[in-house]
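Analysis of the macromolecular model
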Amino acid sequence: MKKLRSKMTTEELAECLGVAKQTVNRWIREQNWKTEKFPGVKGGRARLIHIDAGVREFILNIPAFRKTPEFYQAEEPVAEYTHVVRSHACRQIISTLDNMSPAEQEKLALFLSREGIRSFLIRLGIDESE
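So, here's what we can say about the structure. Being a predicted model, the structure only gives us computed values, none of them experimental.

Conventions used here
- Residues numbered from 1 in each chain as written.
- Predicted model: local features only at pLDDT ≥ 70, side-chain atom pairs only at ≥ 80, totals over all residues.
- Heavy atoms only, no water.
- Core = buried A, V, L, I, M, F, W, Y, C linked by side-chain atoms within 4.5 Å.
- Buried < 20%, exposed > 50% of the residue type's maximum accessible area, 1.4 Å probe, protein only.
- Helix = DSSP H or I, 4+ residues; strand = E, 2+ residues; numbered from the N terminus.
- Contact = heavy atoms within 4.5 Å.
- Pairing = 2+ DSSP bridges.
- Salt bridge = Lys/Arg side-chain N within 4 Å of Asp/Glu carboxyl O.

**Focus: the nonpolar core**
- Membership of the largest hydrophobic core comes to 15 residues, with the highest contact counts inside it found for Leu4, Leu13, Val24, Trp33, Ile49, Ile51 and Ile59.
- When contributions to this core are tallied by element, the ones reaching two or more residues are α1 (10–17), α2 (21–31) and α3 (53–60).
- Broken down by element, this core gets its largest block of residues, 4 residues, from α1.
- For Val24, the contacting residues outside a window of four places in its chain are Thr10, Leu13, Ala14, Val19 and Ile49.

Right under this line is the structure:
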């Protein structure tokens, strides 16, 4: 599941949730979600949706997501503990993993379990154990 940004277009939110753009537009009208004009689009129809607590709460109560607690966790930033100092590379790797689809994450996990970390590093050209 992709992370929800603070502002998203109807197309982006629809794709993220796996629903039609018309469904998102209906929710905007019915729930009175806060939106703003998307600059540079002719006709003024393109809107940015403010993804606030009310929008998140509504999404979590959609029947398709009601039984999916990891959806809520996916949209929140990863908590950084003060005693854990992560390198820049570590933060980039975590960010990349967070933005991968579940299918991509599963393929990576299968590759790592099959080939191991060393083989993975060799394929990336960064193995220094030789």
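**With respect to the pairing of strand β3 (residues 47–50)**
- Sheet topology note: the strand β1 (residues 7–9)/β3 ladder contains 3 bridges and is antiparallel. Its bridge partner being in β3, Thr9 is matched across the sheet by Leu48.
- In this structure, strand β2 (residues 35–37) lies alongside β3, joined through 3 bridges in antiparallel fashion. Note on β3: the bridge partner recorded for Thr35 is Ile49.

**Focus: the pattern of salt bridges**
- Scanning the model with the defined rule gives 4 salt bridges in all.
- Residue Glu11 is joined to Lys21 by a salt bridge in which the shortest nitrogen-to-oxygen separation is 3.5 Å. Of this pair, Glu11 sits in helix α1 while Lys21 sits in helix α2, placing them 10 residues apart in sequence.
- A relative accessible area of 43% means that Glu11 is categorised as partly exposed.
- The exposure class assigned to Lys21 is partly exposed, which follows from its relative accessible area of 35%.
- Salt-bridge contacts for Glu115 lead to Arg114; the nearest nitrogen and oxygen are separated by 3.3 Å.
- Take Glu115: its relative accessible area is 38%, and that puts it in the partly exposed class.
- With relative accessibility at 57%, the residue Arg114 sits in the exposed group.

Fair warning: the whole summary comes from geometry, so function is off the table for now.
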